[in-house]
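Residue-level structural notes
One letter stands for each residue in the lines below.
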Amino acid sequence: MVKEKDSLSSVHKAMRILREFSQDEPELGITELSNRLSMAKSTVSRLIQILCEENMMQKNEQTRKYHLSLTAFEIGSVVYHEMELCQMAIPLLKKMLAAVQGAIQMVTYDKGGIVYLIKLPEDKDTKILNTMGKRVPAHCTASGKMMLAHQDEAEINRVLQSDLKAYTRKTITSPDKLKAELKKIKEAGYAVSHEEFAEGMSSVAIPVYDDMSRVLAAICVTKPTSHLSSAQIQHLLKEMKMYSRLITEQLGKMNVRKRRKSCP
């Protein structure tokens, strides 16, 4: 029993190590990981060695630091490509590109942050736009605020009590102001962010529902602030809402087919 608990503890620690890596910090050293996770260097070193043996991580011999390997990417790709939402959304969002003439992203919510599922066009400047798989806090983007507005009260309060980091001078860092903003967003059915995450860039977001009227994700269109007037926002919303409805309809049709197949 003790040995089993020790094994589970090692698995938990290994998962914590893997989660420290991100697109902003693709490489980390043993000392950095030890300090961040409050683990002994010997423990971090041992676990990283196991992860390297399993081809989950690799060492950069030049920097002496570690990064995730292609095996980790393959595992993530399995999850990504199995997500029915993405399978349904990508063809439709590609059609939407011509109408909105801006960058399109789709996100989902996870524990106070959002994770980017889709980015179109795929070759858009990644210095400006968040790439697929990247996680950012929910309070500082239009899509993040949209998703946060649809969480339950307990989760909203938890996020409001956390550190609301300022990314620009326009980022909302006041819990009271953010709470009022979320209420307004839920009532309006869309969210706008003017340079709250990146200087010079603004975005508009709307929710994506499943066929049971639950919010699954948010679609966001990002443009330079100078190209996003009130009139342009209204045009974007018209197009975005139409494609959001189409995604919901496609998901509904897929679920109907599944239910028919499951019937004896």
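The following paragraphs examine the structure supplied in this document. It should be emphasised that the depicted structure is a prediction, and the values quoted were computed from it without experimental measurement.

What counts and how
Residues numbered from 1 in each chain as written. Predicted model: local features only at pLDDT ≥ 70, side-chain atom pairs only at ≥ 80, totals over all residues. Heavy atoms only, no water. Pairing = 2+ DSSP bridges. Helix = DSSP H or I, 4+ residues; strand = E, 2+ residues; numbered from the N terminus. Axes fitted to C-alpha atoms, helices over the stretch in contact; angles between N-to-C directions. Salt bridge = Lys/Arg side-chain N within 4 Å of Asp/Glu carboxyl O. Buried < 20%, exposed > 50% of the residue type's maximum accessible area, 1.4 Å probe, protein only. Parallel < 35°, antiparallel > 145°, perpendicular 65-115°, else oblique. Left-handed = near helix turned anticlockwise from the far one by under 90°. Contact = heavy atoms within 4.5 Å. Nonpolar A, V, L, I, M, F, W, Y, C, P; charged D, E, K, R; others polar.

1. Notes on the sheet that holds strand β4 (residues 113–120)
In spatial order, the strands read β5-β4-β3-β8-β7-β6; together these six strands make up an open sheet with antiparallel pairing. At either end of the open sheet lies a strand with only one pairing partner, and these are β5 (135–137) and β6 (191–194). Strand-to-strand twist across the sheet, computed as the mean angle between neighbouring axes with direction ignored, equals 30 degrees. By the bridge criterion, four bridges tie β6 to strand β7 (residues 201–209) in an arrangement that is antiparallel. Paired with Val192 across the two strands is Val204, which belongs to β7.

2. Let's talk about the pattern of salt bridges
A full pass over the atoms with the stated rule returns 11 salt bridges. When the shortest N-O distance is used, the salt bridge between Glu20 and Arg36 registers 3.2 Å. Highlighted residues: Glu20 in the loop between α1 (2–19) and α2 (30–37) and Arg36 in helix α2, separated in sequence by 16 residues. Between Asp110 and Arg135 there is a salt bridge whose closest N-O contact spans 2.6 Å. Of this pair, Asp110 sits in strand β3 (residues 103–110) while Arg135 sits in strand β5, and the two are 25 residues apart along the sequence. The class for Asp110 is partly exposed, based on a relative accessible area of 26%. Residue Arg135 is classed as partly exposed on the basis of its relative accessible area of 38%. Salt bridges sharing common partners tie together Lys145, Glu181, Lys184 and Glu196.

3. Describing the packing of α2 against helix α3 (residues 41–53)
Running from amino to carboxyl end, α2 crosses α3 at an angle of 120 degrees, the nearest separation of the two axes being 9 Å. Overall, the two elements α2 and α3 adopt an arrangement that is oblique. Between α2 and α3 the crossing geometry is right-handed. Between α2 and α3, the residues in contact are Ile30, Thr31, Leu33 and Ser34 and Lys41, Val44, Ser45 and Ile48, respectively. Split by residue class, the contact of α2 with α3 holds four nonpolar, three polar and one charged.

4. Some words on unusual backbone geometry
Cis geometry marks the peptide bond from Leu120 to Pro121, where omega comes out at -10 degrees. Position of Pro121 among the secondary structure elements: in the loop between β4 and β5. One non-glycine residue, Gln101, adopts positive backbone phi at about 50 degrees. Relative to the helices and strands, Gln101 resides in the loop between α5 (84–100) and β3. The backbone of Lys111 shows a phi angle near 50 degrees, a positive value even though the residue is not glycine. Considering the arrangement of structural elements, one finds Lys111 in the loop between β3 and β4. Its relative accessible area of 67% is what places Lys111 among the exposed residues.

5. What to know about the packing of helix α7 (residues 153–160) against helix α8 (residues 175–188)
Across the interface, α7 lies against α8 with an axial gap of 10 Å and an inter-helix angle of 145 degrees. Along this stretch, α7 crosses α8, giving a crossing that reads as right-handed. Of the residues in α8, those touching α7 at Ile156, Asn157 and Leu160 are Pro175, Leu178, Lys179 and Leu182. Among the residues making up the contact of α7 with α8, the classes are represented as five nonpolar, one polar and one charged.

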